[in-house]
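Secondary and tertiary structure notes
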Amino acid sequence: MKTNFFTVVTGLQLIAVAGYAQSSPQFFTAPAPAPLVMAMNAAPVTATVISSSKDWRLLDMGSSCVAETAVAIDGVTHHLEVRVTKVASSPLEMTIRAEAASTPVMGYKAALDRAKTKVYTFAKLSNLAGEEVFWNIPRGSEDLVSYLKRENKFEVQATDSSGLPGKTAVFSLRGSSATISDLGKKCAA
């Protein structure tokens, strides 16, 4: 059993998350991410799969829910995660989590339109015990959710330490509409 920890800051709360090998069926065209275990105040909580649709699945993490998909880039699995904390008035959070200890990537950018008027930037949050996390609390989350539910893919462009563009991660949005709808119905505070 392998264990990877990464840290995600949600408001004023610090959450440590660990993954372990999965033996259940895969829900993704890319390698399926391992189920997640959340530890808050040293009391681990195992994530429960609430639903899945095509390339997406919805996890109940106890104090939050995560809708996610994954894609492999150069042998490294990257997860696109949409997180809702079960606290009233909490913002929607998005992360890109790479299952690699060290990559030259310093951040990611995603544009929802060709004119690049709606750009979302994901900043590197941590690099702990085998994973890197890039985090964003999107402005105009209604536009972003609408985009994720209606489009076929979500492309993010990596940026290296010198600010130059790197590889593009293309996340499938097949099944995102049903999964994100479930996220709003089953997990909103």
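Our subject is the structure listed above.
Predicted, not measured: the structure shown is a model, and the values here were computed from it. (Residues numbered from 1 in each chain as written. Predicted model: local features only at pLDDT ≥ 70, side-chain atom pairs only at ≥ 80, totals over all residues. Heavy atoms only, no water.)

Brief notes about unusual backbone geometry
In the Ramachandran plot, lysine 54 falls in the positive-phi region, its phi being about 55° despite a non-glycine side chain. Inspection of the secondary structure assignment puts lysine 54 in the loop between β5 (48-53) and β6 (56-60). A positive phi is found at lysine 116, a non-glycine position, where the angle reads about 55°. Within the secondary structure, lysine 116 sits in the loop between β10 (105-111) and β11 (119-128). (Helix = DSSP H or I, 4+ residues; strand = E, 2+ residues; numbered from the N terminus.)

Let's talk about the layout of surface pockets
Space inside the largest pocket adds up to approximately 420 Å³. Looking at the largest pocket, it is lined by 19 residues, and the ones nearest its centre are Lys109, Ala110, Ala111, Lys116 and Glu155. Put simply, the parts of the chain that give the lining of the largest pocket at least two residues each are β10, β13 (153-160) and β14 (165-172). If one sorts the elements of the lining of the largest pocket by residue count, β13 sits on top with six residues. A breakdown of the residues in the lining of the largest pocket according to their chemical character gives nine nonpolar, four polar and six charged. Here the second largest pocket is characterised by a volume of approximately 210 Å³. (1 Å grid on protein atoms, 1.4 Å probe; cavity = no way out; pocket = protein on both sides within 12 Å on 5 of 7 lines; lining within 4 Å. Points joined across faces, edges and corners; volume = space filled by probe spheres on them. Nonpolar A, V, L, I, M, F, W, Y, C, P; charged D, E, K, R; others polar.)

A closer look at the pairing of strand β9 (residues 93-98)
With six of its six residues buried, β9 lies for the most part within the structure. Relative to β9, strand β8 (residues 76-85) runs antiparallel, the two sharing six bridges. Its bridge partner being in β9, leucine 80 is matched across the sheet by isoleucine 96. Here β9 runs beside strand β12 (residues 131-136); their pairing, made up of five bridges, is antiparallel. Within β12, the residue paired with arginine 97 across the bridge is valine 133. (Buried < 20%, exposed > 50% of the residue type's maximum accessible area, 1.4 Å probe, protein only. Pairing = 2+ DSSP bridges.)

With respect to the side chain of serine 51
By secondary structure assignment, the location of serine 51 is in strand β5. At 2.9 Å, the side chain of serine 51 forms a polar contact with the side chain of aspartate 182. Excluding residues within four positions of it along the chain, serine 51 makes contact with Arg57, Leu58, Asp182 and Lys186. (Polar contact = N/O pair within 3.5 Å; in protein donor to acceptor, adjacent residues only side chain to side chain. Contact = heavy atoms within 4.5 Å.)

Quick word on the state of the cysteines
Counted under the stated rule, the structure contains one disulfide. Covalently, cysteine 65 is tied to cysteine 187 through a disulfide, its sulfur atoms 2.0 Å apart. Given an S-S torsion of about -80°, the disulfide between cysteine 65 and cysteine 187 has left-handed geometry. Of the two residues, cysteine 65 is situated in strand β7 (residues 64-73) and cysteine 187 in helix α2 (residues 176-187); the sequence distance between them amounts to 122 residues. (Disulfide = S-S within 2.5 Å.)

Concerning the pattern of salt bridges
Within this structure, the stated rule accounts for twelve salt bridges. One salt bridge connects aspartate 60 with lysine 86, and the closest N-O pair in it is separated by 2.9 Å. Highlighted residues: aspartate 60 in strand β6 and lysine 86 in the loop between β8 and β9, separated in sequence by 26 residues. The partly exposed category is assigned to lysine 86, whose relative accessible area is 32%. The salt bridge partner of arginine 97 is glutamate 131, with a shortest N-O separation of 3.0 Å. Of this pair, arginine 97 sits in strand β9 while glutamate 131 sits in strand β12; the two residues are 34 residues apart in sequence, bridging distant segments of the chain. Members of the salt-bridge network, linked through shared partners, are Arg57, Glu68, Glu81, Arg97 and Glu131. (Salt bridge = Lys/Arg side-chain N within 4 Å of Asp/Glu carboxyl O.)

Points about α2
The periodicity of an α-helix, 3.6 residues per turn, causes residues three or four places apart in sequence to face the same way. Taking 1.5 Å as the rise per residue, α2 with twelve residues should run 16 Å; its terminal C-alpha atoms sit 15 Å apart, in good agreement. Looking at α2, one finds that the buried residues are Ser176, Thr179, Ile180, Asp182, Leu183 and Cys187. Seen end-on, α2 carries its buried residues on one side only, within an arc spanning 150°. The inward-facing, buried residues of α2 abut β5, β6, β7, β8 and α1 (141-150). (Expected span 1.5 Å × (residues − 1). Arc of directions from axis to C-beta.)

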